[in-house]
Amino acid sequence: MSAYFFKTFYVLLLLSLLTSGLTVTSNNSSESGEAKCIERERQALLNFKEGLIDDFGMLSSWTNHHNNTDCCKWKGIHCNHQTGHIQLLDLHGNYSHPQYLRDAVNLTSLIHLPYIQHLDLSNNYFVLSYIPEFIGSFTNLRYLDLSNSYFAGRIPSALGNLSQLRYLDLGDNYIWGEIPIQIGNLKHLHYLDLGGIFLSGKIPCQIGNLRKLQHLSLGSDTFVYKSHLENYVSNSLS
């Protein structure tokens, strides 16, 4: 099966799980009685927007206008309908349309979204921005896709703190170095894509701890079935 199939499958699966407790963007929170977004989280999104160039209006709904203060209704946002906390941020771009964000991305502004479970910033042009170590503070994340967005630097070891993660895609970026052994802490991981980046060193044996892994992509090698993964790791370390 292709990587596209697995990516689509996990997106649909996670969305189906999340939407039971999320407010869809088109819903009117005030009419339905659902909680509006948290002010601190709204400001965090506005701060995040400030550092980006949005040539295609992807963030056009993110405004300070008095009739548009509920960020749960902004494009790319889903909130928990009871608490108002943001749980999904999907700003994936598309180069073929085109539609993408550009300039250096300030991920630190998202530190005020502690309940986020789904973060997709794939297919944007973030001009060699680094993935900060504090990414490991998003301990509620189930889904993280930063692929094909011109990120640079090393793979943060703090990713090992994301113990609830099911899906991780860092592929097709300017990331280099060794795979951190902390990746082995992601016991719930089903999908791991590190293809198209500049890996060095041996594959850490801790990847063998990922018993639920069904898809692994490293460089030009992609494996789908668990037995293949185990054989690959074993042979790479021998």
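Right, let's walk through the structure included here.

Conventions adopted
Residue numbering note: each chain is counted from 1, following its sequence as written. This being a predicted model, a pLDDT of at least 70 is required before a residue's local features are given, and a value of 80 or more before pairs of side-chain atoms are given or counted; all residues contribute to the totals for chains, interfaces and linings. As a rule here, side-chain values come from all non-hydrogen atoms in the structure, and water together with hydrogens is ignored. Helix and strand labels come from DSSP, where a helix needs a run of H or I of at least four residues and a strand needs a run of E of at least two; each type is numbered from the N terminus. Every case where a carboxyl oxygen of Asp or Glu lies within 4 Å of a side-chain nitrogen of Lys or Arg is listed as a salt bridge. Each residue is placed in one exposure class: buried if its accessible area under a 1.4 Å probe, protein chains only, is under 20% of its type's maximum, exposed if it is over 50%, and partly exposed if it falls in between. We call two residues in contact when some of their heavy atoms are within 4.5 Å.

Take unusual backbone geometry next. Note: most residues except glycine have negative phi, and most peptide bonds are trans. Of the consecutive residues H97 and P98, the connecting peptide bond is found in the cis state with omega at -5°. Following the sequence through the fold, P98 ends up in the loop between β3 (86-90) and β4 (118-120). If you check the backbone angles, N123 has positive phi at about 60° while not being a glycine. Mapped onto the elements, N123 comes out in the loop between β4 and β5 (129-130). Unusually for a residue other than glycine, V127 sits at a positive phi of about 35°. Position of V127 among the secondary structure elements: in the loop between β4 and β5.

Now for the pattern of salt bridges. The full count for this structure, using the stated rule, is 2 salt bridges. Here R42 makes a salt bridge to E39, at a shortest N to O gap of 3.1 Å. Placement of both R42 and E39 in helix α3 (residues 39-50) is noted, with a separation of 3 residues, approximately one turn of the helix. Residue E39 is classed as partly exposed on the basis of its relative accessible area of 43%. A salt bridge links R102 to D55, with the shortest nitrogen-to-oxygen separation between them at 2.5 Å. A residue pair is termed long-range when its members are at least 10 positions apart, and R102 in the loop between β3 and β4 and D55 in the loop between α3 and β2 (77-80) qualify at 47 residues.

Tracing the chain through its elements places L168 in strand β8 (residues 167-169). The class of L168 is buried, set by a relative accessible area of 0%. Each C-alpha atom, one on L168 and one on L192, is 5.0 Å from the other, the two residues being 24 residues apart in sequence. Here L168 is in contact with L144, L159, I183, L186, L189, Y191, L192 and D193, once residues within four sequence places are set aside.

In short, geometric facts, not functional conclusions.
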